[in-house]
Amino acid sequence: MPRALNTRRVWIFDLDNTLYPPQARLCDQIEVRMTDYVMTALDVPRAEADRLRKHYWDLYGTTLAGLMAEHDLDPVPYLVDVHDIDMAPLSPDPDLRAAIAALPGRKLVYTNGSAPYAERVLAARGLSGLFESIYGIEHAAYHPKPAREAFETVFARARIAPEQAVMFEDDPRNLAVPHRLGLGTVHVAPEHEATEADHIHYHTDDLTGFLLQIRD
């Protein structure tokens with residue numbers, strides 16, 4: 001039961017499709033902008049740009065990581081451009097805010113997006129000022145989750161003791177390294193994975209309700 005986590009004191013939340021419902025479909029907007037950026041940067045047709053976007057995400061963890069590795073792309077203008085999206089699909093969630101605020105200890109956000117983008121999302125969700133720190137991919141030297149180097153870089157910056165921490169993520173592959181490092185892991189998604197995975201300790205389709213159970 002989630003109450004087994006109530007001795008932990010560091011709570012690390014992914015951003016996209018974790019701190020807002022996937023029905024908001026922000027990632028659809030980002031993917032369109034990614035494809036547009038790849039088209040321009042690599043001078044390829046849209047179909048090829050879309051294929052590369054998906055291929056690099058599968059292979060490297062993020063499209064950006066593939067573009068950097070294979071095309072020496074400058075990440076800074078890319079991150080500004082692809083995250084210039086409409087936040088209208090998001091709305092404040094006071095119940096989620098209260099549930100996170102009630103957790104004992106430190107609360108952080110760690111995303112494969114950029115920190116400025118994360119701040120905009122948090123503002124739209126009514127979650128600004130709730131987290132001690134917000135870490136974007138730039139704080140991981142542009143190494144993306146699920147790479148071990150990405151987690152180790154951010155956890156070292158944040159001075160996190162893994163055995164005291166819990167990671168909340170919508171992408172199950174991003175929970176494998178936290179599990180190996182000793183964090184508690186929570187998969188936040190509408191459905192369980194088709195097969196059980198040892199690195200997923202808990203699953204929830206209701207983050208607010210799950211957090212409330214930790215304290216009950």
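Note that the structure is a prediction, hence the values are computed from the model and not measured.

Space inside the largest pocket adds up to approximately 730 Å³. Asp-16, Cys-27, Glu-31, Met-34 and Trp-57 are the residues nearest the centre of the largest pocket, which is lined by 31 residues in total. Looking at which element gives the most residues to the lining of the largest pocket, the answer is helix α1 (residues 26–42), with five residues. Of the residues belonging to the lining of the largest pocket, the class tally is ten nonpolar, nine polar and twelve charged. Looking at the second largest pocket, its volume works out to about 240 Å³. Around the second largest pocket sit 18 residues that line it, and Pro-21, Pro-22, Val-188, Asp-205 and Leu-207 are the ones nearest its centre. Broken down by class, the residue content of the lining of the second largest pocket amounts to nine nonpolar, five polar and four charged.

Most often, soluble globular proteins have nonpolar side chains that are buried together. With 48 residues, the main nonpolar core has Phe-13, Leu-19, Tyr-78, Tyr-117, Phe-131, Phe-168 and Leu-211 as its most contacted residues. Among the elements that line this core, the one with the most residues is α1, at six residues. With sequence-adjacent residues up to four places away left out, Leu-211 is seen in contact with Phe-13, Leu-96, Ala-99, Ile-100, Leu-103 and Phe-168. Counting 19 residues, the second largest nonpolar core, distinct from the first, contains Tyr-135, Ala-150, Phe-151 and Ile-160.

With that settled, the discussion passes to helix α4 (residues 75–82). Along α4, the residues classified as buried are Pro-75, Tyr-78, Leu-79 and Val-82. Down the axis of α4, the buried set is contained in an arc of 95 degrees. They therefore lie on one face. For α4, the secondary structure elements touched by its buried residues are α1 and α3 (63–71). Two or three places before Val-76, at the opening of α4, Asp-74 has a side-chain oxygen 3.1 Å from that residue's backbone nitrogen.

What follows covers the packing of aromatic side chains. Going through the model one piece at a time under the given rule, you end up with nine aromatic pairs. Ring centres of Tyr-37 and Tyr-78 lie 5.2 Å apart, and the angle between their planes is 85 degrees; on these two criteria the pair is classed as edge-to-face. Highlighted residues: Tyr-37 in helix α1 and Tyr-78 in helix α4, separated in sequence by 41 residues. Over the face of the ring belonging to Tyr-110 we find Lys-145, whose NZ or CZ atom lies 4.6 Å from the ring centre. Lying across the ring of Trp-57, Arg-173 places its NZ or CZ 3.7 Å from the centre.

What follows is about the sheet that holds strand β5 (residues 184–188). Strand order in the open sheet formed by six strands is β3-β2-β1-β4-β5-β6, with parallel pairing between adjacent strands. Across the chains shown, the open sheet's two edge strands, defined by having one partner strand only, are β3 (133–135) and β6 (202–204). If you compare each strand with its neighbour and ignore which way they point, the axes differ by 20 degrees on average. Both strand β1 (residues 10–13) and strand β4 (residues 165–169) contribute to a ladder of four bridges, which runs parallel. The residue bridging Val-10 from the neighbouring strand is Ala-165, located in β4. Relative to the sheet, helix α7 (residues 148–158) contacts β1, β2 (106–110), β3 and β4, its axis offset from that of β2 by approximately 145 degrees.

Applying the stated criterion across every chain yields a total of 13 salt bridges. Of the charged contacts in the structure, one is a salt bridge between Asp-36 and Arg-46, with a shortest N-O distance of 2.6 Å. Residue Asp-36 is located in helix α1, and its partner Arg-46 is located in helix α2 (residues 46–60); the two are separated by ten residues in the primary sequence. Accessibility expressed as a relative area gives 32% for Asp-36, which makes it partly exposed. A salt bridge links Lys-54 to Asp-50; its shortest N-O distance comes to 3.4 Å. One end of the pair, Lys-54, and the other, Asp-50, are both in helix α2, four residues apart, so they sit about a helical turn from each other. We classify Lys-54 as partly exposed; its relative accessible area is 44%. Take Asp-50: its relative accessible area is 24%, and that puts it in the partly exposed class. When salt bridges that share partners are traced, they join Glu-31, Asp-50, Arg-53 and Lys-54 into one network.

Conventions used here
Residues numbered from 1 in each chain as written. Predicted model: local features only at pLDDT ≥ 70, side-chain atom pairs only at ≥ 80, totals over all residues. Heavy atoms only, no water. 1 Å grid on protein atoms, 1.4 Å probe; cavity = no way out; pocket = protein on both sides within 12 Å on 5 of 7 lines; lining within 4 Å. Points joined across faces, edges and corners; volume = space filled by probe spheres on them. Helix = DSSP H or I, 4+ residues; strand = E, 2+ residues; numbered from the N terminus. Nonpolar A, V, L, I, M, F, W, Y, C, P; charged D, E, K, R; others polar. Core = buried A, V, L, I, M, F, W, Y, C linked by side-chain atoms within 4.5 Å. Buried < 20%, exposed > 50% of the residue type's maximum accessible area, 1.4 Å probe, protein only. Contact = heavy atoms within 4.5 Å. Arc of directions from axis to C-beta. Polar contact = N/O pair within 3.5 Å; in protein donor to acceptor, adjacent residues only side chain to side chain. Phe/Tyr/Trp six-rings, centres within 6.5 Å; stacked < 30°, edge-to-face > 60°. Lys NZ or Arg CZ within 6 Å of the ring centre and 35° of its normal. Pairing = 2+ DSSP bridges. Axes fitted to C-alpha atoms, helices over the stretch in contact; angles between N-to-C directions. Salt bridge = Lys/Arg side-chain N within 4 Å of Asp/Glu carboxyl O.

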